[in-house]
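Here is how the chains run, residue by residue.
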Amino acid sequence: MTLSGIFAPRWLIYSLVTVGLLALVACGASAPEPAPAQPASGSSAAAQPAAPAQPAAPAAPAAEAQPSQPSQSAQPAAAEAQPAATVSAVVGQGAIGAQAKEATPTPVPAPAASTESMAMAEPAVVRLQIARGPTTRDLADPVAGRGDLPIVLPMFEGLVQFDQYTDSVPMLSPEWSANDDFTVWTFRLREGVQFHKDWGEMTAKDIEHTMWQERRNDHFDGRAATWRDLLKEVVMPDGPEGHVVELHLNKPEPIMTTYMSTNYTTVIRSKDHWDTNGGVMDGFDANDEGIRLMANDPIGTGPFQFAKHAEAQYLRYEAPAFTHWRKTPDFPELQIFFVSEPSTQLAMLVTEEVQAAEIPRDLQVGALARGMEVVLGTTPAIRLVGFFGGNYLPDEPNYDPSEPMTLPLVREAMNRAIDRQEINDVFFNGRAELMMQTHSHAKFPGWQPSWLDTFEADYGYDPEMARELLAEAGFPDGFEITQLSYPRPGLPEMLDIGELVADYWREIGIDVNFKPVETAVYSSQLRAKEVNNVAWLHTGSFTEPTRAIFVYHYSGAVSPRFESPFFTEKYEALEVAATAEDRDNLIREMGENCYEIYCSIPLHWVPFEFMINPKFIEEWLTPGVFGVRDFEYVKAVK
């Protein structure tokens, strides 16, 4: 196997500047070894940070247009300068089962600092500017734009916070509880929380409004169907202006706090803002005025408020007019640029047009040589996995059992054709964690420790055995497939990894038509169940496995990747299981079944990495789930 082919286009892009960067390094510039972000000492609700000092009044804002395209970009030097890896072992799972029934109250934030101390805390730059890849859905609406979580979180908050280590830390709800069978969840609301732009205090009516929004027909993913099936009614015991809501469910849901967390974009929106500006819900359909309103003037309660959106260029945020209850950002403004070329992101970072960027790992050394630093997420945030198309339930119209990838022997062969260690070494500098099973991790319920001992024998790289398995399955001369590849937040190497996997499959005789597409194209094919003879790689988040099983394997989901009567039966049992032991056993059963029949292509748990300019950013703690985020917690150099 030779890797030069998959990198050739990138090397050509950088060839004009190779000599310049090598001269820089030869003249004495060394690539500094960054200090990866370290987890905080604890992640309990009681450890919520007090509101820091408000920065001084901002200077005149920078130009809002897309930054100019630099004529040169930094060329990576030798690979030996890559930073060491650290992955936090602290992964909270407080959202699971009985542990989630009651929340620990959070302390009231400390008062804002005096005007004098604010002036002393002015950051080196007023606007924090980030370069990242194009957004999956270029909308600020958390319903229609749900395809890309990090770009909407700056302005929104949920009842439950997905923090650096867990998804069950109190946010807009300081306390919650559930009844014995998990069919009624009661959330007390934090009092005094203000919506942006003078839209008033958050109360119970806003939670009810949000839950209706989550059931909209134009929701980008399957959560609308989940909520319609799960939620019976929202009860407001103290009335619409009160601070208590009860969510009455149609069935038990022990992980309700996960569904209500910022990780699932159940973020709270203003009912008054919607009603006053002509928003109307007719059943599960929003009118055009409401849809335009949420796209062009979204209102939340977060540490930043919406300022401007330029399609395919950027989103800009600014500090609200009030002192935020939770966290006043060090940077009073934030701008997220959508930049498709990694070379352009790299040039923007080293020329100080932005202060942070998602630089692919193979380009990081060039930035390190210019004084930039690598930040690692606090969890193995990215689930890198592959799927085999055509595996529908037998009664689906497009199901064809004669297709090669419906056969376990073929799926095993395609797994054994992949050199996972090479992928880890080439793309992740050895920092990724081997995945044993698509929805399972040692920190989650349903983990099977024996996989650690058997994985190499069952899934290990063995192209000769892979060819023998294809012959045994009836395909000694291989077969043809299409492999789709599309961009994913947080993993700029996605296209290159996909090309390498295609080469692995070609080596065992499979004729692969490698096809880069937009995410929307892949999504529409998947929903229509038109992925026969199609394989693809995908990324998901590091979170409790119930949702991953639903999305990937449950026939009742909008776009499952691998369906079977077994998964349908076991997932429906999981939905009503109310004890931690029952849930653990069911998740393990599904994991063992997937492992044994090679229902997917487990690859790696990948720590999210991005680069910062330490001239402007002192520290950035983030899990990296879904990409670069947690902008309000960035510590500015002052």
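Model, not experiment: these values are computed from the prediction.

Draft legend 1. Focus on helix 8 (residues 288-296). Of the positions making up helix 8, those classed as buried are Gly290, Leu293, Met294 and Ala295. Buried residues in helix 8 make contact with helix 4 (204-213) and helix 7 (271-276).

Draft legend 2. Spotlight on empty space enclosed by the protein. Following the criterion strictly, the structure yields 5 cavities of 30 Å³ or more and no others. Approximately 100 Å³ is the volume attributed to the second largest cavity. Its residues assigned to classes, the lining of the second largest cavity shows 5 nonpolar, 2 polar and 4 charged.

Draft legend 3. Here's a closer look at unusual backbone geometry. Despite not being glycine, glutamate 352 shows a phi value in the positive range, around 65°. In this structure, glutamate 352 sits in the loop between helix 9 (342-350) and strand 13 (356-357). Glutamate 352 sits in the partly exposed class, given a relative accessible area of 34%. For lysine 529, which is not a glycine, the phi torsion comes out positive at approximately 55°. Within the element layout of this structure, lysine 529 appears in the loop between helix 16 (519-527) and strand 19 (534-541).

Draft legend 4. Representation of the environment of glutamine 305 in the model. Turning to its location among the elements, glutamine 305 is positioned in strand 10 (residues 305-310). With 15 residues separating them in the primary sequence, glutamine 305 and proline 320 have C-alpha atoms 5.6 Å apart. Look past the residues within four positions of glutamine 305 in its chain and what remains in contact with it is Met155, His196, Lys197, Tyr317, Glu318, Ala319, Pro320 and Ala321.

Draft legend 5. Main features of the packing of aromatic side chains. Taken as a whole and assessed by the stated rule, the structure comprises 27 aromatic pairs. Taking the centre distance of 6.0 Å and the plane angle of 70° together, the rings of tyrosine 314 and phenylalanine 337 count as edge-to-face. Placement of tyrosine 314 in strand 11 (residues 314-318) and of phenylalanine 337 in strand 12 (residues 333-338) is noted, with a sequence separation of 23 residues between them. For the pair shown, tyrosine 314 and phenylalanine 337 are each scored as buried. Summarising the aromatic geometry, the rings of tyrosine 459 and tyrosine 598 are spaced 4.5 Å apart at their centres and angled 40° between planes, so their arrangement reads as tilted. Separated by 139 residues along the polypeptide, tyrosine 459 in helix 13 (residues 451-459) and tyrosine 598 in the loop between helix 19 (580-597) and strand 20 (600-606) bring together distant segments of the chain. Pair check on accessibility: tyrosine 459 and tyrosine 598 agree, each one buried. In this arrangement the basic side chain of arginine 215 is found over the ring face of tryptophan 212, its NZ or CZ atom lying 4.0 Å from the centre.

Draft legend 6. Local environment of the sheet that holds strand 19. Judged by pairing direction, the sheet is mixed, and its 6 strands sit side by side in the order 16-20-15-19-17-18 without closing on themselves. Every other strand in the sheet has two partners, leaving strand 16 (433-434) and strand 18 (511-516) as the edge strands with one partner each. Direction of pairing for strand 15 (residues 382-388) relative to strand 20: antiparallel, over a ladder of 6 bridges. Residue pairing across strands places isoleucine 382 opposite valine 606, the latter belonging to strand 20.

Draft legend 7. Here's a closer look at the packing of helix 17 (residues 545-553) against helix 18 (residues 565-576). Where helix 17 contacts helix 18, the two axes come as close as 11 Å, and the packing angle between them is 145°. Here helix 17 runs over helix 18; the crossing is left-handed. Taking contact as the criterion, the partners of Thr546, Ile549, Phe550 and His553 in helix 17 are, on helix 18, Phe567, Tyr571 and Leu574. For the contact of helix 17 with helix 18, a count of residues per class yields 5 nonpolar, 2 polar and no charged.

Draft legend 8. Focus on the state of the cysteines. Taken as a whole and judged by the stated rule, the model has 1 disulfide. Cysteine 594 shares a disulfide with cysteine 599; S-S distance 1.9 Å. Disulfide cysteine 594-cysteine 599: torsion about the S-S bond near -70°, hence left-handed. According to the relative accessible area criterion, cysteine 594 is buried, its value standing at 2%.

Draft legend 9. A look at the pattern of salt bridges. Taken as a whole, this structure holds 25 salt bridges when the rule is applied. Between glutamate 493 and arginine 361 there is a salt bridge, with the nearest N and O atoms lying 2.8 Å from each other. In this pair, glutamate 493 sits in the loop between strand 17 (480-485) and helix 15 (494-507) while arginine 361 sits in the loop between strand 13 and helix 10 (364-368), placing the two residues 132 residues apart along the sequence. Assessed through its relative accessible area of 2%, arginine 361 is described here as buried. The shortest N-O distance in the salt bridge between glutamate 609 and arginine 431 comes to 2.6 Å. Of this pair, glutamate 609 sits in strand 21 (residues 609-612) while arginine 431 sits in the loop between helix 12 (420-428) and strand 16, and the two are 178 residues apart along the sequence. We note that glutamate 609, like arginine 431, is buried. One continuous salt-bridge network, built from bridges that share partners, spans Arg361, Arg431, Glu493 and Glu609.

How each quantity is defined
Residues numbered from 1 in each chain as written. Predicted model: local features only at pLDDT ≥ 70, side-chain atom pairs only at ≥ 80, totals over all residues. Heavy atoms only, no water. Buried < 20%, exposed > 50% of the residue type's maximum accessible area, 1.4 Å probe, protein only. Helix = DSSP H or I, 4+ residues; strand = E, 2+ residues; numbered from the N terminus. Contact = heavy atoms within 4.5 Å. 1 Å grid on protein atoms, 1.4 Å probe; cavity = no way out; pocket = protein on both sides within 12 Å on 5 of 7 lines; lining within 4 Å. Points joined across faces, edges and corners; volume = space filled by probe spheres on them. Nonpolar A, V, L, I, M, F, W, Y, C, P; charged D, E, K, R; others polar. Phe/Tyr/Trp six-rings, centres within 6.5 Å; stacked < 30°, edge-to-face > 60°. Lys NZ or Arg CZ within 6 Å of the ring centre and 35° of its normal. Pairing = 2+ DSSP bridges. Axes fitted to C-alpha atoms, helices over the stretch in contact; angles between N-to-C directions. Left-handed = near helix turned anticlockwise from the far one by under 90°. Disulfide = S-S within 2.5 Å. Salt bridge = Lys/Arg side-chain N within 4 Å of Asp/Glu carboxyl O.

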